[in-house]
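Each chain, written out:
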Amino acid sequence: MDMNLIGSIVAMAGGLIALIYGLYRSMNGVGALYFRILTFAVGCFAMGRMYEVLYVLCVGKMTELANLGQLGTVTMSLFMMTANRGSLDYMLDDRRKELRKYRLIPLVFPLLFACFGLWLILSGSKESTEILISGFVALVMMVTVYFEGKHLIFPDEGLNFAASMRITNASSMVFNFAAFAMLSTCVKSLSAVYFSLGVVVAIFSIVIIVSADKGVRRWQA
């Protein structure tokens, strides 16, 4: 069996496990919007991989051109950004001037992601739609990794939000780098690398949701 297909199956399986767990916990006491948005994020990514798996099973091979499965990555990136920028950050940062350094230091993370994303885009397909999708996802993920990095170092000041979510934010950052790499055609041409990324994404999909569940219960305690 093709290693790329196995990588997509593994990524899909991990995402579906995380999605089912997240939906179950959402219906049984975890009411935090942040947790639910993260659940939708990993679920969208899993749906994108499911499309790829079904496409290969029906057609015989995965297209290297832009396809509907990539919408799963696009929507995942938007949900991830919303969870960190719109849901968690407003509870954590009250915009005081003395906390400015905690807003500036994390700028290193989107800069690193920009270099990583540009390298993958330039090394991959020159097809315009592919570049447009990858570029859009890269821009959204740059915002996301900024806030993930910010929440990793931001002081709690007794509120318990940041400390509760540090594992989740670190896991989400790794997930975003790996998920973006899976978009690249140059990575898809390296079957062993693509398979390894599928394993990483599957593991961290589950870690994100389980750690977020524990973190929400901790900050609500």
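Residues numbered from 1 in each chain as written. Predicted model: local features only at pLDDT ≥ 70, side-chain atom pairs only at ≥ 80, totals over all residues. Heavy atoms only, no water.

For the rest of this paragraph, the subject is the overall build of the chain. Check the secondary structure of the chain and you find ten helices and zero strands. The order of α-helices and β-strands along the chain, N terminus first, is α-α-α-α-α-α-α-α-α-α. Going through the 221 residues of the chain one by one, you find that 50% of them count as buried. Once local pairs closer than 6 in sequence are excluded, the contacts in the chain between residues at least 24 apart make up 82%. (Helix = DSSP H or I, 4+ residues; strand = E, 2+ residues; numbered from the N terminus. Buried < 20%, exposed > 50% of the residue type's maximum accessible area, 1.4 Å probe, protein only. Contact = heavy atoms within 4.5 Å.)

On to the packing of helix 1 (residues 3-26) against helix 2 (residues 33-59). Working note: a packed helix pair is described by the angle between its axes plus the distance between those axes. Packing of helix 1 against helix 2 leaves a shortest axis separation of 8 Å and a crossing angle of 145°. The handedness of the crossing between helix 1 and helix 2 is left-handed. (Axes fitted to C-alpha atoms, helices over the stretch in contact; angles between N-to-C directions. Left-handed = near helix turned anticlockwise from the far one by under 90°.)

On to helix 1, then. With 24 residues, helix 1 ought to run about 34 Å at 1.5 Å a step, and its terminal C-alpha atoms sit 34 Å apart, in line with that. Two or three places before Asn-4, at the start of helix 1, stands the capping residue Asp-2, its side-chain oxygen 2.9 Å from that residue's backbone nitrogen. (Expected span 1.5 Å × (residues − 1). Polar contact = N/O pair within 3.5 Å; in protein donor to acceptor, adjacent residues only side chain to side chain.)

Turning to the pattern of salt bridges, a few remarks are in order. Inspection of every chain in the model, using the stated rule, returns two salt bridges. Where Glu-52 meets Arg-49, a salt bridge forms, and the shortest distance between an N and an O atom there is 3.1 Å. Taken together, the residues Glu-52 and Arg-49, both in helix 2 and three residues apart, mark about one turn of the helix. (Salt bridge = Lys/Arg side-chain N within 4 Å of Asp/Glu carboxyl O.)

In this section: the side chain of Ser-211. Tracing the sequence through the fold places Ser-211 in helix 10 (residues 191-220). Residue class for Ser-211 comes out buried when judged on its relative accessible area of 10%. A polar contact of 2.8 Å, which involves the side chain of Ser-211, links it to the side chain of Thr-168. If we ignore the near neighbours within four places in the chain, the residues touching Ser-211 are Ser-164, Ile-167 and Thr-168.

For an α-helix, 3.6 residues make a turn, and residues three or four places apart therefore share a direction. For helix 5 (residues 108-123), which comprises 16 residues, the first-to-last C-alpha distance of 23 Å matches the rise-based estimate of 22 Å (1.5 Å per residue) to within 8%. Taken residue by residue, helix 5 has Pro-110, Phe-113, Gly-117, Leu-120 and Ile-121 as its buried positions. Viewed along the axis of helix 5, the buried residues span an arc of 95°, placing them on a single side of the element. Facing away from the buried surface of helix 5 by more than 90 degrees, the exposed residues are Leu-111, Leu-112, Cys-115, Leu-118, Trp-119 and Leu-122. (Arc of directions from axis to C-beta.)

Counting 42 residues, the largest nonpolar core has Leu-38, Phe-45, Met-76, Phe-175 and Phe-180 as the members making the most contacts within it. Elements that contribute at least two residues to this core include exactly helix 1, helix 2, helix 3 (70-92), helix 5, helix 6 (128-153), helix 8 (166-181) and helix 10. Not counting residues up to four positions away in its chain, the partners in contact with Leu-38 are Met-80, Ala-83, Thr-168, Ile-208, Ile-209 and Ala-212. (Core = buried A, V, L, I, M, F, W, Y, C linked by side-chain atoms within 4.5 Å.)

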